[in-house]
Amino acid sequence: MWSLYKLRRFKSLAIALALASALLYLTTYNQQFIIKNFGYLAESLRGVTEVRMATMRQNLSFFTNISTGVIPPEADAKAAEEIYHRYGSELQVICPESKRLGNKEDGGWDVCLYSAYKPHKECLVYSFGINNDWSFDDSVVSTYNCTVRAFDPSMKDPDHRRGPNIWFYKQGISGSDFVNDRGWQLRTLESYVRLFNDSEKMIDYLKIDVEYSEWSSLEAILNSTVLSRVKQFGLETHTREISKKASTVADFVYYTGLLRRLQDAGFYRWYWHFNHFGNFVSKNSNRKLTCCFEMVFLNVNIPYVAS
């Protein structure tokens, strides 16, 4: 009887050890999986006290009953214009904590500071469209000590280092890599991150304000994988009215289609406002509108971080 008892105890101990070994293996495997697939986030969020595998999507509040942005085939220019302006002026998600960096009016940008979105040590910003207004870029550096890559081919300044953390490039963003008829070197965002060896880094804030070239640039971005490494996306959109032309149904379908693809990629709008410098009276509806929306989106697919 005693031998049988010891045998049963031995079997129970063996089973317990096997289960413990399996658990240890799975834990180690999961840690390796996290490091392999989200190591760039751990690097960009160095200093936080906790990283969970839940994404920000599970930790944000979303608006409901928002429009789809879909323009039906039978829509005329007036109806298409209405759908675009309604879709572009709806909030989709709530950022509980934010701050405007730079000018209070045109030139400044709002930054979400909630959880994983708050810039941390070694943060990185790509800023397209400066127009000699450095208020946002300077504020990002002075507030969070980020590295800023600033681009604008329309400025007279040559490539230079503005300060310890700001590099300026007399180049611009577009839907492909080429030199235009003004002699400007234009590249896609994907090409720039490869050029500067930033492909494995997280971009804390991507800002694009490039006077209608944002659409071709956005299309190229959506056709790449670079957005998966962007936390926040500040985008100023423009319609053809910025050039004193009337937008067509095809234009509005194109605009809303790209914005819907952006949402499908996990980027939800938490902030927007009209740029009143672009006010005009619409030839389609005779309404007073603006050609320009300033929008900021959150990537809800990045891992949740509790500081």
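Residues numbered from 1 in each chain as written. Predicted model: local features only at pLDDT ≥ 70, side-chain atom pairs only at ≥ 80, totals over all residues. Heavy atoms only, no water.

### Overview of the environment of Trp134
Looking at the element boundaries, Trp134 is found in the loop between strand S6 (124-128) and helix H3 (135-144). For the pair Trp134 and Gly108, spaced 26 residues apart in sequence, the C-alpha separation works out to 9.0 Å. Discounting residues that sit within four places of it in the chain, Trp134 has contacts with Ala150, Met155, Arg162, Ile166 and Phe168. (Helix = DSSP H or I, 4+ residues; strand = E, 2+ residues; numbered from the N terminus. Contact = heavy atoms within 4.5 Å.)

### Focus: the sheet that holds strand S18 (residues 292-299)
Across the sheet, which stays open at both edges, the eight strands sit in the order S8-S9-S7-S6-S13-S14-S18-S15 with mixed pairing between neighbours. Looking along the sheet, the strands with just one partner apiece sit at the ends: strand S8 (160-163) and strand S15 (267-274). Direction aside, neighbouring strands of the sheet carry axes that sit 15 degrees apart on average. Relative to S18, strand S14 (residues 230-238) runs antiparallel, the two sharing seven bridges. Across the sheet, Glu236 pairs through a bridge with Glu294, a residue of S18. (Pairing = 2+ DSSP bridges. Axes fitted to C-alpha atoms, helices over the stretch in contact; angles between N-to-C directions.)

### Topic: the pattern of salt bridges
Under the counting rule described, the total for this entry stands at eleven salt bridges. Ionic pairing is found between Arg287 and Glu82, a salt bridge with its closest N-O pair at 2.7 Å. Of the two residues, Arg287 sits in the loop between strand S16 (279-281) and strand S17 (288-290) while Glu82 sits in helix H2 (residues 77-88), which places them 205 residues apart along the sequence. What makes Arg287 partly exposed here is its relative accessible area of 37%. (Salt bridge = Lys/Arg side-chain N within 4 Å of Asp/Glu carboxyl O. Buried < 20%, exposed > 50% of the residue type's maximum accessible area, 1.4 Å probe, protein only.)

### A closer look at the packing of H2 against helix H6 (residues 249-264)
The geometry of H2 relative to H6 is characterised by a closest axis approach of 9 Å and an angle of 25 degrees between their N-to-C directions. Here H2 lies roughly parallel to H6, going by the angle between them. You can see that H2 and H6 cross each other, and the crossing is left-handed. Contact with H2, carried on its side by Ala77, Ala80, Glu81, Tyr84 and Tyr87, involves Val249, Phe252, Tyr255, Thr256, Leu259, Arg260 and Gln263 of H6 and no other residues of that element. Here the residues of the contact of H2 with H6 are counted per class, giving eight nonpolar, two polar and two charged. (Parallel < 35°, antiparallel > 145°, perpendicular 65-115°, else oblique. Left-handed = near helix turned anticlockwise from the far one by under 90°. Nonpolar A, V, L, I, M, F, W, Y, C, P; charged D, E, K, R; others polar.)

### Topic: the state of the cysteines
Considering all chains together, one arrives at two disulfides under this definition. Shown here is the disulfide that connects Cys95 with Cys112, its sulfur atoms set 2.1 Å apart. The sign of the S-S torsion, about 95 degrees, decides the handedness of the disulfide formed by Cys95 and Cys112: right-handed. Separated by 17 residues along the polypeptide, Cys95 in the loop between strand S3 (93-94) and strand S4 (98-101) and Cys112 in strand S5 (residues 109-112) bring together distant segments of the chain. Summarising the burial analysis for this pair, Cys95 and Cys112 share the class buried. Take the cysteines of the protein that form disulfides and number them in order along the sequence; they join up as 1-2, 3-4. (Disulfide = S-S within 2.5 Å.)

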